[in-house]
Amino acid sequence: VKWGVTGIMFYALFLSVGVDVSLVYHVIFAAVMTLSSLLPFTVSGLGVREAAGVALYHGGLGAPASATTSALLLALIIRYAFAAVVYAAYLSSSHR
């Protein structure tokens with residue numbers, strides 16, 4: 001389910017930067033990027049997931065590297081912003 005939701009997010013983000021790729025590729029690539037982030041090279045897979053994404057989208061599908069990088073960095077910002085909002089909500093509810 002998570003990879004499907006992430007695939008839909010990637011679909012919207014890639015459309016926003018002008019790259020039209022089938023939703024099926026986004027779901028598959030989301031799974032591959034998530035698995036690649038499990039490699040213990042960096043903290044929380046930061047950068048590994050994005051590098052894998054550029055390799056998949058640019059190398060595999062020929063999407064522009066700049067648009068791919070922009071979409072993947074936007075996805076990273078969205079993930080961290082969502083986590084911050086959830087954490088803030090948790091902190092505000094646990095101190096009552």
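The model shown is predicted, which means the values in this text are computed figures rather than measured ones.

Reading guide: rules and limits
All residue numbers refer to positions counted from 1 along the written sequence of the respective chain. pLDDT decides what is reported in this predicted model: residues at 70 or higher carry local features, side-chain atom pairs at 80 or more are listed and counted, and totals for whole chains, interfaces and linings draw on all residues regardless. Hydrogens and water are ignored here; the side-chain numbers use all heavy atoms of the structure. Runs of E in the DSSP output that reach at least two residues are strands. Runs of H or I that reach at least four are helices, and both are numbered from the N terminus. To estimate the expected span of a helix, subtract one from its residue number and multiply by 1.5 Å. Using a 1.4 Å probe on the protein chains alone, a residue whose accessible area is under 20% of its type maximum counts as buried, one over 50% counts as exposed, and one in between counts as partly exposed. Only residues whose relative accessible area exceeds 30% and that form no salt bridge enter a patch; like-charged residues are grouped when within 9 Å of one another, and nonpolar side chains (Val, Leu, Ile, Met, Phe, Trp, Tyr) when within 5 Å. Surface accessibility in these figures is a Shrake-Rupley result with a 1.4 Å probe; residues are shielded only by whichever protein chains are displayed. In the sections that follow, a salt bridge refers to a side-chain nitrogen of Lys or Arg positioned within 4 Å of a carboxyl oxygen of Asp or Glu. Joining through side-chain atoms within 4.5 Å is the link that ties buried Ala, Val, Leu, Ile, Met, Phe, Trp, Tyr and Cys residues into a set, and such a set is a nonpolar core. In this analysis, two residues are considered to be in contact whenever any of their non-hydrogen atoms come within 4.5 Å of each other.

Over its 14 residues, helix α2 (residues 23–36) runs 20 Å from end to end, which matches the ideal 20 Å to within 8%, given 1.5 Å per residue. Of the residues making up α2, those classed as buried are His26, Phe29, Ala30, Ala31, Met33 and Ser36.

Further remarks concern a nonpolar patch on the surface. Together, Ile8, Tyr11, Leu15 and Leu23 make up an exposed nonpolar region whose accessible area comes to about 340 Å². Among the elements that take part in the nonpolar patch, helix α1 (residues 2–16) stands out by supplying three residues, more than any other. Considering the arrangement of structural elements, one finds leucine 23 in helix α2. Residue classification places leucine 23 among the partly exposed residues on the basis of a relative accessible area of 37%.

Side chains three or four residues apart in an α-helix point the same way, a direct result of the helix having 3.6 residues per turn. Here helix α3 (residues 48–61) contains 14 residues, and its C-alpha end-to-end distance of 19 Å stays within 8% of the 20 Å for a straight helix at 1.5 Å per residue. Buried residues of α3: Val48, Arg49, Glu50, Ala52, Gly53 and Tyr57, and no others. Among the residues trailing α3, glycine 62 stands out with phi positive, at a value near 80°.

Counting 15 residues, the largest nonpolar core has Phe10, Phe14, Val19, Met33, Tyr57 and Leu72 as its most contacted members. The set of elements that each furnish at least two residues to this core consists of α1, α2, α3 and α4 (65–94). When residues in this core are grouped by element, the largest group, four residues, is from α4. Excluding anything up to four places from it in sequence, leucine 72 contacts Phe10, Phe14, Met33, Glu50, Gly53 and Val54.

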